[in-house]
Amino acid sequence: MSASSARSSKAKKTKKTTAKGKAPAKATVSLPRRIAALGAILALVAAVVAVGMAIGKSGSGSGKRGPAAAGDASADPMQGAYDRAEQATSRRKDGDPLALGRKDAPVVLVEYADYQCSYCGKFTRDSQPELIKKYVDQGVLRIEFRNFPIFGKDSERAARASWAAGQQGKFWQFHDEVYAKLRKGDALAEDKLVDMAGKAGVTDIDRFRSDLNGSASEEAVKKDQEEGYGLGVSSTPSFLVGGRPIAGAQPMAAFDEAIAQARAAAAKKSEK
């Protein structure tokens, strides 16, 4: 049987199987169970992703900039969706070890990243320090990191290690140590991660190993992954800035623009 015949046969079987089941009234967005509970909010988030800025469309994370939103933030027809996306994804938890900045900062940047992703490292080395100095330190921006491993077991191990470092208050030090250069495969073996944890200031290495291999780190990483997949994220790095999606390691100007728009929208809401 040819490949095309096989695909045709498979398609016919699929149609028969679907016909036996109860057909849905209309097409819906497929979301993980936890995210599905947010219902209409995340449907709007998915719309933001589909309409505008290509989260998941730049699979290489190349940082090629999408079309910039024009005009006043208050005139943006997508502003309602951005607001709901921000509410649905920004955790704003006290003492969150994977977050930088004030809990009540007017703008939250949520980052979905993989530790084997070269463009994630580029963002960490090039843009993150400037964002911290220019916005986080000024109380304007909060950065919330989400582990989104997409390159297999080595990425998952590194993600769990970053969470483990966070349990000792050293997430960002460990995060920056891993991203100091491109690391792949055996460079993210457990013993190598332990060495990096020591350099990052993690003092209780036995606890670090235990946390890395424990169920809590697995659940935390899975939670971040489900959130990202529920939004349609398929490449790294991907960002939401005040609910506005940005794909890839964009130039600083893209973040400046998104932060300015989100800040203006937040100010407008506070006036009401």
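Higher on the page you've got the structure.
Residues numbered from 1 in each chain as written. Predicted model: local features only at pLDDT ≥ 70, side-chain atom pairs only at ≥ 80, totals over all residues. Heavy atoms only, no water.

1. Regarding the overall build of the protein chain
Just so we agree on the cut-off: The helix count covers DSSP runs of H or I at least four residues long, the strand count covers runs of E at least two residues long, and both are numbered beginning at the N terminus. Categorising residues by exposure relies on relative accessible area from a 1.4 Å probe, with only protein chains included: less than 20% of the type maximum marks a residue as buried, more than 50% marks it as exposed, and the intermediate range marks it as partly exposed. Residue contacts are defined here by distance: any two heavy atoms, one from each residue, within 4.5 Å place the two residues in contact. Method for areas: the Shrake-Rupley scheme with a 1.4 Å probe, in which residue coverage is limited to the protein chains shown.
Looking only at helices and strands, one finds 11 helices and 5 strands in the protein chain. Within the protein chain, the proportion of its 272 residues that are buried is 44%. Residue pairs in contact within the protein chain that sit at least 24 positions apart in sequence constitute 78% of those at least 6 positions apart. Accessible surface, the protein chain: about 13,800 Å² in total, of which carbon and sulfur atoms supply 52%.

2. Points about the pattern of salt bridges
Cut-off, in case you're wondering: Throughout this description, the term salt bridge denotes a Lys or Arg side-chain nitrogen within 4 Å of a carboxyl oxygen of Asp or Glu.
Counting across every chain of the model gives 17 salt bridges. Taking the shortest distance from any N to any O, the salt bridge between Lys-103 and Asp-94 comes out at 3.1 Å. A residue is classified by how much of its surface remains accessible, and Asp-94, at 64% relative accessible area, is exposed. Three or more residues are tied together by salt bridges with common partners; here these are Arg-91, Arg-142, Glu-144, Arg-146, Asp-224 and Glu-227.

3. Regarding the pairing of strand S4 (residues 238–241)
Inclusion rule: Only when DSSP finds a minimum of two bridges between them are two strands counted as paired.
Burial along S4 is two-sided: the residues Ser-238 and Leu-240 and Phe-239 and Val-241 are all buried. The pairing of strand S2 (residues 107–113) with S4 spans 4 bridges and is antiparallel. Among the inter-strand pairings, Leu-109 is bridged to a residue of S4, identified as Val-241. One ladder, built from 4 bridges, connects S4 with strand S5 (residues 244–247); its direction is antiparallel. In the sheet register, Phe-239 faces S5, and the bridge partner there is Ile-246. Turn length for the S4-S5 hairpin, with the two strands adjacent in sequence and antiparallel, is 2 residues, and the turn residue Gly-242 shows positive phi of about 60°.

4. Some remarks on helix H8 (residues 190–199)
Which entries qualify depends on this criterion: What the arc describes is the spread of directions from the helix axis to the C-beta atoms.
Listed as buried for H8 are Leu-193, Val-194, Met-196 and Ala-197. Buried residues of H8, seen end-on, are gathered within an arc of 165° and therefore sit on one face of the element. Against the buried residues of H8 lie helix H6 (153–166), helix H7 (171–178) and helix H9 (205–212).

5. A short note on the environment of Asp-104
We count it as follows: Think of a polar contact as two N or O atoms within 3.5 Å of one another; within protein, one of them needs to be a possible hydrogen donor and the other a possible acceptor, and neighboring residues in sequence only count if both atoms come from side chains.
Among the secondary structure elements, Asp-104 is positioned in the loop between strand S1 (99–100) and S2. Sequence spacing of Asp-104 and Arg-92 is 12 residues, and the spatial spacing of their C-alpha atoms is 7.4 Å. One polar contact links Asp-104 to Arg-102, side chain to side chain, over a distance of 2.8 Å.

Purely geometric stuff here, so don't read any function into it on its own.
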